[in-house]
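Chain and residue survey
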Amino acid sequence: MSRSEGQADRGGPGAGPRERGRTLLRLARRIIAEEVGGTGLTTQEMQGETSREPGGGAAGGAERSGNRSEGGERAAAVEPWLSADGACFVTLTRQGILRGCIGSVRARRPLLEDLRSNARAAALHDPRFPPVGREELPELHIEVSLLSEPEPLEAASEEEVRAVLRPGVDGVILEYGEAHHSTFLPQVWEQLRDPRDFLAHLKHKAGLSPEFWSPALRLWRYEVETFEEDGPGEDRF
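For clarity, every value in this text was computed on a predicted model and none was experimentally measured. One numbering rule holds for all chains: residues counted from 1, following each sequence as written. Only residues with pLDDT of 70 or above have their local features reported here, since the model is predicted, and side-chain atom pairs are shown and tallied only from 80 upward, although totals for entire chains, interfaces and linings are computed over all residues. The basis for the side-chain values is all heavy atoms of the structure; hydrogens and waters are excluded.

1. Comments concerning the overall build of the chain
This is how it is decided: Each helix corresponds to a stretch of at least 4 residues labelled H or I by DSSP, and each strand to a stretch of at least 2 residues labelled E; elements are numbered beginning at the N terminus. The buried label goes to any residue with under 20% of its type's maximum accessible area, the exposed label to any with over 50%, and the partly exposed label to all in between, with areas taken from a 1.4 Å probe on protein chains only. Only the protein chains shown count as covering a residue, and every accessible area follows the Shrake-Rupley method with a 1.4 Å probe.
In terms of regular secondary structure, the chain is built from six helices and nine strands. Counting over 237 residues, the chain shows a buried share of 51%. When the accessible surface of the chain is summed, it comes to about 11500 Å², and 49% of that surface belongs to carbon and sulfur atoms.

2. A few points about the nonpolar core
Rule in force here: Residues belong to one nonpolar core when they are buried, are Ala, Val, Leu, Ile, Met, Phe, Trp, Tyr or Cys, and are joined through side-chain atoms within 4.5 Å. Contact definition: two residues touch when any of their heavy atoms are within 4.5 Å.
The biggest cluster of nonpolar side chains holds 26 residues, and the ones touching the most others in it are L24, I32, L92, L115, I142 and V144. Secondary structure elements with two or more residues in this core: α1 (17-37), β1 (88-94), α4 (111-124) and β3 (140-147). Ranked by residues supplied to this core, first place goes to α1 with eight residues. Residues contacting L115, with those up to four places away along its chain left out, are L24, L27, A28, I31, C88, V90 and V144. Among the nonpolar cores identified, the runner-up in size contains 16 residues, and L153, V161, L202 and L219 belong to it.

3. Things to note about the pairing of strand β7 (residues 218-222)
Note the threshold: Whether two strands pair depends on DSSP finding at least two bridges between them.
Along β7, four of the five residues are buried, which leaves the element largely enclosed by surrounding structure. Of the pairings in the sheet, the one linking strand β4 (residues 151-152) to β7 comprises two bridges and is antiparallel in character. Paired with P152 across the bridge in β7 is W220. As paired elements, strand β5 (residues 171-176) and β7 share five bridges and run antiparallel to each other. Residue pairing in the sheet places I173 in a bridge with W220 of β7.

4. A word on the pattern of salt bridges
Rules: Note on definitions: salt bridges are taken to be side-chain nitrogens of Lys or Arg within 4 Å of carboxyl oxygens of Asp or Glu.
A full pass over the atoms with the stated rule returns 18 salt bridges. With its nearest N and O atoms 3.1 Å apart, the salt bridge here joins E34 to R116. Within this pair, whereas E34 is found in helix α1, its partner R116 is found in helix α4, the two being separated by 82 residues in sequence. Each member of the pair, E34 as well as R116, is classed as buried. A salt bridge links E136 to R99, with the shortest nitrogen-to-oxygen separation between them at 2.8 Å. One end of the pair, E136, is in the loop between α4 and β3; the other, R99, is in strand β2 (residues 97-103), with 37 residues separating them in the sequence. This pair shows no difference in class: E136 is buried, exactly as R99 is. A network of salt bridges, in which partner residues are shared, links E151, R166, D170, R221 and E223.

5. Description of the environment of W213
By the secondary structure assignment, W213 is in the loop between α6 (195-205) and β7. The exposure class of W213 is partly exposed, given its relative accessible area of 29%. When the C-alpha atoms of W213 and A156 are compared, they prove to be 9.8 Å apart, with 57 residues separating the residues in sequence. Setting aside residues up to four positions removed in sequence, W213 forms contacts with A155, A156, S157, E158, V161 and L219.

6. What to know about the layout of surface pockets
Heads up, the condition is: A pocket, in this scheme, is an open set of points on a 1 Å grid over the protein atoms alone with protein on both sides within 12 Å along at least 5 of 7 lines, while a cavity is a set where a 1.4 Å probe fits but cannot get out; residues line either one if an atom lies within 4 Å of a point. Grid points are joined across faces, edges and corners, and a volume is the space filled by probe spheres set on the points. Lys, Arg, Asp and Glu make up the charged group, whereas Ala, Val, Leu, Ile, Met, Phe, Trp, Tyr, Cys and Pro make up the nonpolar group; the residues left over, Gly among them, are polar.
As a volume, the largest pocket reaches approximately 1100 Å³. Looking at the largest pocket, it is lined by 37 residues, and the ones nearest its centre are F89, C101, T183, L185 and K205. The set of elements that each furnish at least two residues to the lining of the largest pocket consists of β1, β2, β3, β5 and β6 (180-184). The residue makeup of the lining of the largest pocket, split by class, is twelve nonpolar, 13 polar and twelve charged.

7. What to know about the packing of aromatic side chains
Quick note on the threshold: Pairing of aromatic rings covers Phe, Tyr and Trp, the last through its six-membered ring, and needs centres within 6.5 Å; plane angles under 30 degrees mean stacked, over 60 mean edge-to-face, and all others mean tilted. Ring-over charges, as used throughout, are those where CZ of Arg or NZ of Lys falls within 6 Å of the ring centre and within 35 degrees of the ring normal.
Scanning all chains against the criterion turns up three aromatic pairs. Between the aromatic rings of F184 and F198, the centroid separation amounts to 5.4 Å while the plane-to-plane angle is 75°, which identifies the pairing as edge-to-face. One end of the pair, F184, is in strand β6; the other, F198, is in helix α6, with 14 residues separating them in the sequence. The pair formed by F184 and F198 is uniform in burial state, with each residue classed as buried. Chaining the aromatic ring pairs together yields one cluster made of F184, W189 and F198. Positioned above the aromatic ring of W220, the side-chain terminus of R106 is 4.7 Å from the ring centre.

Dropping the structure here:
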């Protein structure tokens, strides 16, 4: 269901991890299908997705609307936790190979809006990959990660940072000046198990030398609550 530990319950009554995961995965798939396959997801359909979940509110008589932003706001009204500010990453794989990954590291807009934007961007605008094609949808595997509020990593040296990092738990944000920034989700620890390698690749991703260190370098860590489909088109519930 979820590859996370120690996470606070982000939803209100009736919105436990199981329900949130179902809703987020189904909405992400519908959003991507709308963008890639031209399914024309409407406000009423968005409300229907949330109302099908256990504990979901009743989807009232929503009007059909071509304004997707307005549609998102109305859908969030059905599940109030979707209207609260939140940050998420949407990761797409196909046959076990990364196909797109875009997200937000800080909660600056309603979670539903963040999910919609990042699902669309992961499918169509990840600069590392061509846009996802309609024919790929049946084989697409979706993962949604909800991020906690980042907390600063105060350290005088990289050795101190490595000493406090928790492999498998911490995601890390790196910023240096205006031009250098990067982040790794906790899932990256599966490939980079040593904190030294983790930080070296994080700096490389930001356009810095793996050996780089400066007092002006800023680091934050966060945790994630992760939900993924068991197979293409199937959530893990």
